[in-house]
Amino acid sequence: MSPRVDLRRLVLAIGAPVLAIIFASLVTALVLVAAGDPVWSTVTTLWDYGSQPRTIALTLNQGTTYYLSALAVAIGFRMNLFNIGVDGQYRAAAFAAAAIGGAVSLPKPLHLLLIVAVAVAVGAMWASIAAVLKVTRGVSEVISTIMLNAIATALIAYLLRKVKVDVAGSNNIGTKPLPESGHFPGIPLIPGSTLDVYGFLVVAVLAGIAYSVLLGRTRFGFDLRATGRSQSAAVASGVDVKRMVIVSMLLSGAIAGLVGMPQLLGSSYSYSLDFPAGLGFTGIAIALVGRNNAVGMVFAALLFSFLDVSSVILDINDISKEIVLIMQGTIVLSVVVVYELVRRYGIAAEQRRVSRELTRTPASEPEGARA
Amino acid sequence: MRRVTTFAAALLTGALALTACGGSSTSQTSPADSSSGSSSAPAKSKLKVGLAYDIGGRGDQSFNDSAAAGLDKAKADLGIEAKEAEASAGEADSAKEERLRALAGAGFNPVIAVGFAYSGAVAKVAKENPDIHFAIIDDANAAGPNITNLLFAENQGSFLVGAAAALKSTKKNIGFIGGVDVPLIHKFQAGYEAGAKAVDPSIKIQSKYLTQPPDFSGFGAPDKGKTAAAGMYDAGADVVFAAAGGSGAGVFEAAKTAGTKAIGVDSDQYKTADPAVRSVILTSMLKKVDVAVFDFIKSATEGTYTPGPRIYDLKANGVDYSTSGGQVDDIKDKLDAFKQKIISGEITVPEK
């Protein structure tokens with residue numbers, strides 16, 4: 001109640017991520033020392049390369065993709081659903097959107113809308129399979145989404161061969177490239193960089209705001225979070241849990257459908273064998289580090305993106321770039337561990353405070369009686 | 001929610017740790033190699049070669065390793081300086097471009113890209129750096145005045161081992177195992193089947209691919225290779241061609257267990273495979289990526305770059321079958337006759 005307690009909460013809220021980052025840095029430094037790599041020059045190399053205008057643009061681009069993936073995962077997390085299937089959902093969506101987008105010809109805004117609508121629909125549809133299995137047959141979404149990832153891989157490989165166009169002299173195959181009307185214009189955001197930032201960055205920001213408003217400011221968001229915290233309590237307060245599972249899985253899948261869009265509409269314009277894979281798993285890590293918070297995930301996505309983009313330079317400087325994977329893994333672990341420790345400390349502190357006030361109340365009573 | 005979070009974190013860290021472990025064995029070698037490379041030769045104006053691998057990198061016992069072998073030979077024989085960089089699984093095209101840019105920016109010239117996945121990246125970065133010469137392996141699509149395309153006629157080499165398989169099979173039943181279901185490996189399959197049918201049009205050929213893209217693990221999963229091969233041997237095959245990179249090790253194990261034969265790929269696997277299973281290796285389809293890389297670097301040291309496609313086929317001795325182990329000595333005449341017919345153009349080997 002008092003401002004002092006709020007201050008302590010604030011310290012706990014800021015302290016946790018700071019502690020996690022310090023801990024992760026220490027572990028990474030130890031690994032670097034053990035591998036015989038110079039710690040300081042690794043950091044400066046990463047930073048020097050990462051702070052060039054071109055690299056910043058790349059980091060923002062990659063971060064856009066990561067952020068959308070994290071949002072998709074986070075919706076599930078808030079509902080206590082573990083959607084591992086974001087990976088399959090975005091690949092199926094990107095493939096379908098690329099195939100259909102390449103086959104039709106429309107004026108620009110309509111064409112872009114159609115491609116994005118197809119992606120959202122296919123992503124949601126692919127996620128809905130797991131949702132339906134869960135509510136009708138009680139199949140754990142962890143299992144079904146993992147399997148659906150594998151099924152998506154096989155299905156895309158099969159369908160890709162049906163719709164592919166051969167690139168002369170290349171061993172790659174892909175969907176027919178999108179015509180100019182299907183290109184999402186880039187934004188020359190970073191001064192000094194010849195590389196434009198994906199226009200889809202704007203969509204990602206809007207999606208983040210929508211996520212925040214939906215979960216924090218609407219009845220649906222309240223029901224979703226309530227179901228995530230305690231299903232029985234939610235049922236008792238009149239929430240239809242099955243409906244919530246279906247709707248949140250559909251939403252998660254719909255956002256997953258957007259994950260491949262920055263790449264498809266801003267850079268490759270076709271779904272080919274080397275379309276980026278595994279973004280769904282990166283999204284899980286970023287949602288964890290960002291604590292499912294719309295702003296927290298922005299920082300987490302940019303951090304991961306910075307590490308991934310800058311790791312290219314490590315190879316050139318004779319430092320194993322796998323160190324970046326170790327950093328990311330350590331960050332995820334330390335965030336989860338530190339938050340749990342801080343949460344327990346916070347509860348213990350709260351209990352102490354309450355018990356202190358309880359013991360103080362009888363002592364103050366006589367004073368009141370005297371007055 | 002906390003339960004899910006903890007579970008997710010554990011799962012994810014495990015996955016990250018595994019990825020890191022997988023990579024570490026390959027990356028350990030590169031710093032040591034480059035330091036020894038730079039100290040060995042005298043400091044005259046040394047050629048600085050940049051080499052960008054595809055997923056797997058140095059140590060994949062297959063395609064990338066073959067390129068690495070060519071680079072090592074160039075380091076030893078030509079006294080060049082070299083820098084190697086490696087792709088991450090599932091990365092975007094922009095990461096490949098940046099890798100090439102970083103190599104070009106650090107003064108490496110020529111820059112060699114290993115694998116067709118670099119096609120778009122090479123085309124783009126070569127245009128930005130007209131003074132730097134690029135080479136790309138297995139891709140003819142990236143073209144430019146400063147791009148050399150190193151191409152192989154995998155179908156021709158596969159034709160010969162297909163013929164060898166058919167000649168050696170007593171049950172008239174052979175197998176083909178492809179690592180990943182991609183057009184490049186379809187070329188191996190097409191040649192293999194044509195070669196086998198040229199010997200015996202009625203021969204039964206089983207074929208299987210280990211994984212579908214974008215899952216490229218089929219090039220490095222001996223367990224998958226072993227299961228697939230065991231299935232083929234059970235179904236009556238007695239020779240199986242493993243066009244599956246590192247997964248071939250599993251195919252050889254399955255052949256050893258079944259008492260049957262297998263055919264290696266890319267390098268002379270009779271010399272590189274585990275000694276315990278060498279006896280099952282009938283022959284190997286040689287794809288001399290090392291020769292192509294070495295030749296390219298050699299011409300670079302002489303200052304003679306030739307842009308455009310450079311085709312390593314049977315005629316150029318870029319693909320071949322191996323004879324070490326002596327198991328195909330009795331049919332060598334027949335195989336060499338096929339070879340001559342392909343070289344002379346009498347036989348055209350299909351590509352798909």
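None of the values given here were measured: they were computed from a predicted structure.

About the criteria used
- Residues numbered from 1 in each chain as written.
- Chains lettered and ligands numbered in written order.
- Predicted model: local features only at pLDDT ≥ 70, side-chain atom pairs only at ≥ 80, totals over all residues.
- Heavy atoms only, no water.
- Helix = DSSP H or I, 4+ residues; strand = E, 2+ residues; numbered from the N terminus.
- Contact = heavy atoms within 4.5 Å.
- Salt bridge = Lys/Arg side-chain N within 4 Å of Asp/Glu carboxyl O.
- Buried < 20%, exposed > 50% of the residue type's maximum accessible area, 1.4 Å probe, protein only.
- Pairing = 2+ DSSP bridges.
- Axes fitted to C-alpha atoms, helices over the stretch in contact; angles between N-to-C directions.
- Buried area = accessible area lost by both parts, 1.4 Å probe.
- Polar contact = N/O pair within 3.5 Å; in protein donor to acceptor, adjacent residues only side chain to side chain.
- 1 Å grid on protein atoms, 1.4 Å probe; cavity = no way out; pocket = protein on both sides within 12 Å on 5 of 7 lines; lining within 4 Å.
- Points joined across faces, edges and corners; volume = space filled by probe spheres on them.
- Nonpolar A, V, L, I, M, F, W, Y, C, P; charged D, E, K, R; others polar.
- Domains from an automatic or database assignment.

## Describing the overall build of chain A
Then step 1. Helices and strands together make up the secondary structure of chain A, namely 14 helices and 2 strands.
Then step 2. Over its C-alpha atoms, taken along the principal directions, chain A stretches across nearly 95 × 55 × 35 Å.
Then step 3. Long-range pairs, those at least 24 residues apart, make up 76% of the contacts in chain A between residues at least 6 apart in sequence.

## Regarding the pattern of salt bridges
Then step 1. All told, the structure shown has 31 salt bridges over all chains when counted by the stated rule.
Then step 2. The shortest N-O distance in the salt bridge between Asp223(A) and Arg219(A) comes to 3.5 Å. One end of the pair, Asp223(A), and the other, Arg219(A), are both in helix α8 (residues 219-229), 4 residues apart, so they sit about a helical turn from each other.
Then step 3. A salt bridge links Lys298(B) to Glu302(B), with the nearest nitrogen and oxygen atoms 3.5 Å apart.
Then step 4. Overall, the relative accessible area of 34% leaves Lys298(B) in the partly exposed class.
Then step 5. Put simply, Arg54(A), Glu97(B), Glu98(B), Arg101(B), Lys124(B) and Glu128(B) are held in one network by salt bridges that share partners.

## A closer look at the sheet that holds strand β11 (residues 308-312) of chain B
Strand pairing in a sheet is mediated by backbone hydrogen bonds. Such pairs are either parallel or antiparallel.
Residues and elements named next belong to chain B.
Then step 1. In spatial order, the strands read β2-β1-β3-β4-β5-β11; together these 6 strands make up an open sheet with parallel pairing. Each edge of the sheet is formed by a strand with only one pairing partner; in this case those strands are β2 (81-86) and β11. Shown here is a sheet whose adjacent strand axes are inclined to one another by a mean of 20 degrees, direction ignored.
Then step 2. Against the sheet, helix α10 (residues 289-301) touches β1 (48-53), β3 (111-114), β4 (134-137), β5 (147-152) and β11, its axis set at about 155 degrees to β5.

## Notes on the interface of chain B and chain A
Then step 1. In this complex, chain B contributes 53 residues to the contact, which on the side of chain A involves 52 residues.
Then step 2. Between chain B and chain A, a total of about 4400 Å² is buried, with carbon and sulfur atoms accounting for 62% of that surface.
Then step 3. Viewed at the interface, chain A and chain B are joined by 3 salt bridges.
Then step 4. A salt bridge links Arg161(A) to Asp181(B); its shortest N-O distance comes to 2.6 Å.
Then step 5. The tally of links between chain B and chain A comes to 8 residue pairs in polar contact (both at pLDDT 80 or more).

## Concerning empty space enclosed by the protein
Then step 1. Under the criterion given, the structure shown has 2 cavities of 30 Å³ or more.
Then step 2. Estimates place the volume of the second largest cavity at around 110 Å³.
Then step 3. Together, Ile156(A), Ala157(A), Leu160(A), Arg161(A), Ile173(A), Tyr271(A), Ser272(A), Leu273(A), Phe275(A), Asp181(B), Pro213(B) and Pro214(B) line the second largest cavity.
Then step 4. Counting residues per element, the lining of the second largest cavity draws most heavily on helix α6 (residues 141-163) of chain A, which supplies 4 residues.
Then step 5. Within the lining of the second largest cavity, the residues separate by chemical class into 9 nonpolar, 1 polar and 2 charged.

## Quick notes on the domain arrangement of chain B
Residue and element names in this part refer to chain B.
Then step 1. Looking at the assigned domains, one finds that chain B contains domain 1 (33-152 + 290-312) and domain 2 (154-287 + 322-344).
Then step 2. Taking only C-alpha atoms, the centre of domain 1 and the centre of domain 2 are 29 Å apart.
Then step 3. Listed as interface residues are 6 residues of domain 1 and, on the opposing side, 7 residues of domain 2.
Then step 4. Both faces considered, domain 1 and domain 2 share a buried interface measuring about 750 Å² in area, 56% of it formed by carbon and sulfur atoms.
Then step 5. Its largest share of buried area at the contact with domain 2, domain 1 owes to Ser62, Phe116 and Phe152, together 53% of the area lost on that side.
Then step 6. Taken together, domain 1 and domain 2 are joined by 1 salt bridge.
Then step 7. With a closest N to O distance of 2.9 Å, Lys287 and Asp138 form a salt bridge.
Then step 8. Scanning the region where domain 1 abuts domain 2 turns up 3 residue pairs in polar contact (both at pLDDT 80 or more).
Then step 9. Of the residues that constitute the side of domain 1 that touches domain 2, the class distribution is 2 nonpolar, 2 polar and 2 charged.

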